[in-house]
Amino acid sequence: MGRIQSILIANRGEIAVRIARSARDLGIRTIAVYSDADANALHVHAADTAVHIGGAPSVESYLSIEALLDAAQKTGADAIHPGYGFLSENPAFARACDEAGILFIGPSAEAMEAMGLKSVAKKLMDRAGVPTVPGFNGENPTDAELIAAAVEVGYPLLVKASAGGGGRGMRRVDSESDLAEAIRSARRESKAAFGDDTLLLERYIENPRHIEFQILGDTHGNVIHLFERECSIQRRHQKIIEETPSTALDDSLRTQMGEAAVQAAKAIDYVGAGTIEFILAPDGAFHFLEMNTRLQVEHPITECITGIDLVTEQIRIAEGCALSWDAESLTTSGAAVECRIYAEDPEKSFLPANGTLLDWHLPALEGIRIDSGVATGDEISIHYDPMLAKVIATGRDRDEAHRRMQHALEQLSILGVTTNRGFLLQILKHPAYQAGDIDTHFIASHFGDEPAAEKSEEAALNAAIAATLLATEARDPGRILKDIRPGWRNNRFSDPTTTWMNGEEAIPVSRGEWTTRGWAMHSGETPRIARIVAQDGAAVRVEIDGQIHPLRVVVDGENTHVHTAPHSIALSCAPRFPSTESMDLASGCVAPMPGKVLSMAVSEGDSVEQGDPIAILEAMKMEHTVTAPHAGVIQSLLVAPGDQIDGGAPLVILEET
Ligand code: ADP
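Colleague: Could you give an account of the overall build of the protein chain, with specific residues and numbers?
Modeller: Each helix and strand in the protein chain was counted, giving 17 helices and 39 strands. Relative to the globule expectation of 26 Å for 657 residues, the C-alpha radius of gyration of the protein chain, 27 Å, shows essentially globular dimensions. The C-alpha extent of the protein chain, read off along each of the three principal axes, is 85 × 65 × 55 Å. Across the 657 residues of the protein chain, 54% fall into the buried class. Pairs at least 24 apart in sequence give 62% of the contacts found in the protein chain among residues at least 6 apart. For the protein chain, the exposed surface amounts to about 28,200 Å²; the carbon and sulfur share of it is 49%. Of the charged side chains in the protein chain, 56 are positive and 94 negative, and the gap between their average positions amounts to 5 Å.

Colleague: Break down the sheet that holds strand β3 (residues 49–54) for me, with residues and values.
Modeller: Strand order in the open sheet formed by 5 strands is β3-β2-β1-β4-β5, and the pairing between neighbours is parallel. Here the strands that pair on one side only, and so sit at the sheet edges, are β3 and β5 (103–104).

Colleague: I'd love a proper account of the site of the ligand, names of residues and values included.
Modeller: Close contacts around the ligand come from 20 residues, with K118, K160, G167, R203 and I205 the closest. Residue G165 places a main-chain N or O atom 3.5 Å away from an oxygen atom belonging to the ligand. Isolated, the ligand exposes 550 Å² of accessible area, and the fraction of that covered by the protein chains is 94%. Secondary-structure elements contributing two or more residues to the shell around the ligand are β7 (157–161), β9 (199–203) and β14 (286–292). A breakdown of the residues in the shell around the ligand according to their chemical character gives 7 nonpolar, 8 polar and 5 charged. In this structure, the shell around the ligand is formed jointly by two domains, domain 2 (134–203) and domain 3 (209–447), each of which donates at least three residues.

Colleague: I'd like to hear about the packing of aromatic side chains, residue by residue, with values.
Modeller: For any pair of aromatic rings, the description consists of the separation of the ring centres together with the inter-plane angle of the planes. Counting across every chain of the model gives 10 aromatic pairs. Ring geometry for F213 and F278: centres 6.1 Å apart, planes at 80 degrees, overall edge-to-face. In this pair, F213 sits in strand β10 (residues 209–217) while F278 sits in strand β13 (residues 272–280), placing the two residues 65 residues apart along the sequence. F213 sits in the buried class, given a relative accessible area of 0%. With a relative accessible area of 0%, F278 lands in the buried category. Taking 5.2 Å as the distance between ring centres and 75 degrees as the angle between the ring planes, the aromatic pair formed by W514 and W519 counts as edge-to-face.

Colleague: Please provide a residue-by-residue account of the environment of S162, values included.
Modeller: Looking at the element boundaries, S162 is found in the loop between β7 and β8 (171–173). A relative accessible area of 1% means that S162 is categorised as buried. As a C-alpha pair, S162 and I102 span 60 residues in sequence and 31 Å in three-dimensional space. A polar atom in the side chain of S162 sits 2.7 Å from the side chain of S119.

Colleague: Can you break down helix α3 (residues 65–75) residue by residue, with the values?
Modeller: One full turn of an α-helix is made of 3.6 residues, so residues set three or four places apart face in the same direction. Of the residues making up α3, those classed as buried are A67, L68, L69, A71, A72 and T75. Summarising the contacts, the buried residues of α3 are in contact with β1 (6–9), β2 (29–35), β3, β4 (79–81) and α4 (91–99). Looking one or two places after α3, you find G76, whose phi comes out positive at around 65 degrees.

Colleague: Can you lay out the packing of helix α7 (residues 143–153) against helix α8 (residues 179–194) for me, pointing to particular residues and giving the numbers?
Modeller: Where α7 meets α8, the closest approach of the two axes is 10 Å, and the angle between their N-to-C directions is 135 degrees. On the basis of the axis angle, α7 is oblique to α8. Seen from above, α7 lies across α8 with right-handed handedness. Between α7 and α8, the residues in contact are D143, L146, I147 and A150 and L179, A180, I183 and R187, respectively. Among the residues making up the contact of α7 with α8, the classes are represented as 6 nonpolar, no polar and 2 charged.

Colleague: Outline the confidence of the model for the protein chain, supporting the account with residue identities and numerical values.
Modeller: Residues of the protein chain with pLDDT of at least 70 account for 95%, and the chain-wide mean is 92. Long-range and interchain partners of residues 484–493, a stretch whose pLDDT sits below 50, account for 14 contacts in this model, where long-range means more than four residues apart. Segment residues 578–587 is flagged for pLDDT under 50; beyond a separation of four residues in sequence, or across chains, it makes 6 contacts in the model.

Colleague: An account of the pattern of salt bridges is requested, with residue identities and associated values reported.
Modeller: Per the counting criterion, the structure on display carries 36 salt bridges. Salt-bridge contacts for E230 lead to R209; the nearest nitrogen and oxygen are separated by 2.9 Å. Here the residue E230 occupies a position in strand β11 (residues 223–235), and R209 occupies one in strand β10, the gap between them amounting to 21 residues. By relative accessible area, which is 13% here, R209 ends up buried. A single network of salt bridges, built from pairs that share partners, joins E212, R229, K239, E242, E277, E298 and R340.

Colleague: Let's hear about the sheet that holds strand β27 (residues 527–536): which residues, and what values?
Modeller: Read around the closed barrel, the 8 strands follow the order β24-β25-β26-β27-β28-β29-β30-β31; overall the barrel is antiparallel. Pairs of neighbouring strands in the sheet enclose a mean axial angle of 35 degrees, with direction left out of account. In this sheet, strand β25 (residues 505–514) lies alongside strand β24 (residues 498–502) in antiparallel orientation, the contact comprising 5 bridges. Looking at the pairing, W500 lines up with I507 of β25.

Colleague: Lay out the domain arrangement of the protein chain in plain terms, naming residues and giving numbers.
Modeller: Once the domains are mapped, the protein chain shows domain 1 (6–105), domain 2 (134–203), domain 3 (209–447), domain 4 (457–474 + 494–573) and domain 5 (588–656). Centre-to-centre, using C-alpha coordinates, domain 3 lies 38 Å away from domain 4. Facing 12 residues of domain 3, the contacting portion of domain 4 comprises 12 residues. Summed over both partners, the interface of domain 3 with domain 4 comes to about 890 Å²; 61% of that surface belongs to carbon and sulfur atoms. Contact with domain 4 buries surface across domain 3, with L358, L415 and R421 losing the most and accounting together for 50% of the total. In this structure, the connection of domain 3 to domain 4 is made through 1 salt bridge. For R552, the salt bridge is made with D359, and the minimal N-O distance between the two is 2.8 Å. Linking domain 3 with domain 4 are 4 residue pairs in polar contact (both at pLDDT 80 or more). Elements with a minimum of two residues in the side of domain 3 that touches domain 4: β19 (359–361), α12 (398–411), β23 (413–415) and α13 (421–429). Residue contributions to the side of domain 3 that touches domain 4 peak at 3 residues, all from β23. Tallied by class, the residues present in the side of domain 3 that touches domain 4 amount to 5 nonpolar, 4 polar and 3 charged.

Calculation notes
- Residues numbered from 1 in each chain as written.
- Predicted model: local features only at pLDDT ≥ 70, side-chain atom pairs only at ≥ 80, totals over all residues.
- Heavy atoms only, no water.
- Helix = DSSP H or I, 4+ residues; strand = E, 2+ residues; numbered from the N terminus.
- Rg over C-alpha atoms; globule rule 2.2 N^0.38 Å.
- Buried < 20%, exposed > 50% of the residue type's maximum accessible area, 1.4 Å probe, protein only.
- Contact = heavy atoms within 4.5 Å.
- Areas by Shrake-Rupley, 256 points an atom, 1.4 Å probe, with all protein chains shown as cover.
- Lys, Arg positive; Asp, Glu negative; His and termini not counted.
- Charge placed at Lys NZ, Arg CZ, Asp CG, Glu CD.
- Pairing = 2+ DSSP bridges.
- Near = heavy atom within 4 Å.
- Polar contact = N/O pair within 3.5 Å; in protein donor to acceptor, adjacent residues only side chain to side chain.
- Nonpolar A, V, L, I, M, F, W, Y, C, P; charged D, E, K, R; others polar.
- Domains from an automatic or database assignment.
- Phe/Tyr/Trp six-rings, centres within 6.5 Å; stacked < 30°, edge-to-face > 60°.
- Axes fitted to C-alpha atoms, helices over the stretch in contact; angles between N-to-C directions.
- Parallel < 35°, antiparallel > 145°, perpendicular 65-115°, else oblique.
- Left-handed = near helix turned anticlockwise from the far one by under 90°.
- pLDDT = per-residue confidence, 0-100.
- Salt bridge = Lys/Arg side-chain N within 4 Å of Asp/Glu carboxyl O.
- Buried area = accessible area lost by both parts, 1.4 Å probe.

Put into structure tokens, the structure is as follows:
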């Protein structure tokens, strides 16, 4: 095959931006695709041209093979890069590209099929001598066969769906009495999600770590590994922090696991970039878990320590080039860590959040790379994955990379949308994390299911003072920003107290008289002297009691959002009268997140107990069941299946009994 001249990027968000960057560096023309929700998205700006492919729901656009191939043909694309997610591991898409004469930048459809089913992949790996988790992997086993085999496997064990992914169709079983029910429900879930209910059993490995190896294979039969990534920090079976090298591996274990990973890829004549995932037991035993036949979200940390651009290599491999390295010539230097920034609320069981991104800002910092799919002003849509961006830090060693990461996350201003930024910082600062003492249960065991955010009264007060100064300046321009104040009256009653609400907490602030260094601001007992020193858009420098606070501030109607590193604070002006709406909602059933109503579990007139399901909502690839906050009778349904609703929207009127 000759050189690729143009690539259609069949994806969106940060990964589409990332792919466009490498393609552009190679002189390749890039074509983005976009749905109704994405015409002005960052990934569209990142490409040389862009084609509209359909409606906002992914099935109408980013998952539509037909629309993507039409776009490729219309623009004369030579090749398609699928990114990750969406159609990246869909053999039918790879085949359709082949048939249309468009180069698919990824492995063969056969390799994807071989690794797509856990039962098939495990058998292949067993045959290739790659260690797999001990268990039972029969030919389409019946319930009775599974129950009989479980005696041998032992407890605790995992029932796994062969077609499973994202933890679906997976059940931990601790004793024989729970097995039959686990098999039934795993089959049901797997059938519904994947149209296949084949199950297998695995011994449950206690306190494991998730270690994966990056693989590259070319069309000349060469396969190398690019070392490991540790991905044990997960919530809901999804990685949120990844690092390399892993603190769990010494050179000997690294060599063994790396060789096993290469063997695994060679067993299926793998071509392209891929990842072999292992589960590592505390005693050092490691087992093949699965292979991802695509680029991974966390690929940048491998790039940081090897100096190899993986997207460039994917493109070169697709062009038929041989790998430029063998195992001996590959070297690594330093350490790297990646944090995934999700629009979600850790305090609400990590439910996805949405809204308008009022500020997205990170100063340029040494050793920090940011792969972002968003920009200030973007609407974070309910239709797609809530990952906004990744922050990647490199250093000479683990401590240096992590110190840079912590500093970067503290400085990163994200206003208007709730994210996990603060929670990531809590993890980074945890002594067990810092000691490298982690496993896949780290978050659950140290933070629980709904980790409370770290709050600072001092930061909230500083934010409220800045908000008060800016609000006064907005009302009466020239008054606050200049030391000489036209029309200034020595009348403190002309500035009534503003009460800011920081969540449930009220912060009253009143501005008193001008002193030589600023305004006397009162909140509680101690007065503070404060003034705005400079303002340039959202960048506001406020001096409070002789110390400069560089802030990011966005005023949005009644709300003032302030980033004062490391805290992001959303202040609202306290309503003079309690709103009747919020009183209703306190006793009602409301949507905890924006999304789509999938189904209603109740009808008018039904009696419900506290905790009974009311409705099932779907947003950002997640299903969520809303339950009754108290016992009562359903007076009326306010929404119906198919409705798109806002976060906080009432779902039913539930009369207390
Ligand atoms: P899925 O494809 O649904 O994501 P995986 O097989 O990749 O399922 O497993 C997902 C996660 O579940 C792993 O990262 C690991 O944390 C846990 N897990 C999987 N298999 C085992 C096992 N045998 N013992 C303990 N934990 C496991």
